[in-house]
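Each chain is listed here by its residues.
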Amino acid sequence: MSSLAVKTAVRGRLTALWDPVDATIREPNRSFDPQGRPWIDIRFPGAAIDRADIGDAENSLWDEVGAFMVDVYIPAGDGPDLADALAEAAAAIFQGQEFDGVECRNRLAGQSGERAPEGMQSAWWGVSFGIGYRYQSIGSP
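Residues numbered from 1 in each chain as written. Predicted model: local features only at pLDDT ≥ 70, side-chain atom pairs only at ≥ 80, totals over all residues. Heavy atoms only, no water.

Colleague: Outline the side chain of Arg115, supporting the account with residue identities and numerical values.
Modeller: When you line up the elements, Arg115 lands in strand S5 (residues 102-115). One buried charged residue, Arg115, forms no salt bridge at all, with the nearest opposite charge on Asp71 at 4.4 Å. A distance of 3.5 Å separates a polar side-chain atom of Arg115 from the backbone oxygen of Gly126. Excluding residues within four positions of it along the chain, Arg115 makes contact with Asp71, Tyr73, Ala123, Trp124, Gly126, Val127 and Ser128. (Helix = DSSP H or I, 4+ residues; strand = E, 2+ residues; numbered from the N terminus. Buried < 20%, exposed > 50% of the residue type's maximum accessible area, 1.4 Å probe, protein only. Lys, Arg positive; Asp, Glu negative; His and termini not counted. Salt bridge = Lys/Arg side-chain N within 4 Å of Asp/Glu carboxyl O. Polar contact = N/O pair within 3.5 Å; in protein donor to acceptor, adjacent residues only side chain to side chain. Contact = heavy atoms within 4.5 Å.)

Now the structure itself:
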């Protein structure tokens, strides 16, 4: 599981830099209806958090390495170009960037295709990819 600090930083960066006119951002564990408009979702499938062998035993250095997933959705039947363009814009917000102690690295391979996201009534076309990251903290993970 990714740490709360990483989740907060990633969501904050997306909210600050994403133009909601392009696509609505889905907030986790909240009611959501995109009303047929494109939307984006960020998921955190996991990370490894290990204590480093250096530093003060009382204030350990913790090293978190993981990835988060970016999912972009557009209404099915509109072709792939808009979803691809939105995915490229989302990747540019994170790939190779460092913010709030989160060092975003490589863009991981993803996939595209028709989707039926949980809780959605209509069909969607989605483009998904991952962003690898590293985050270090002192004290508790």
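The structure having been displayed, the exposition proceeds.
Colleague: Break down the pattern of salt bridges for me, citing the residues and quoting the values.
Modeller: In this structure the tally under the stated criterion is four salt bridges. For Arg43, the salt bridge identified is with Asp71, shortest N-O distance 2.5 Å. Residue Arg43 is found in strand S2 (residues 39-51), and its partner Asp71 is found in strand S3 (residues 61-75); the two are separated by 28 residues along the sequence. What makes Asp71 buried here is its relative accessible area of 2%. The shortest N-O distance in the salt bridge between Arg107 and Glu88 comes to 3.2 Å.

Colleague: Break down the packing of aromatic side chains for me, citing the residues and quoting the values.
Modeller: Summed over all chains, the structure comprises seven aromatic pairs. Between Phe68 and Phe94, the aromatic rings sit 5.1 Å apart at their centres with planes inclined by 75°, giving edge-to-face as the arrangement. Remark: Phe94 occurs in helix H2 (residues 81-94) and Phe68 occurs in strand S3; sequence separation between them is 26 residues. Taking the relative accessible area as the measure of exposure, Phe94 reaches 0% and is therefore buried. (Phe/Tyr/Trp six-rings, centres within 6.5 Å; stacked < 30°, edge-to-face > 60°.)

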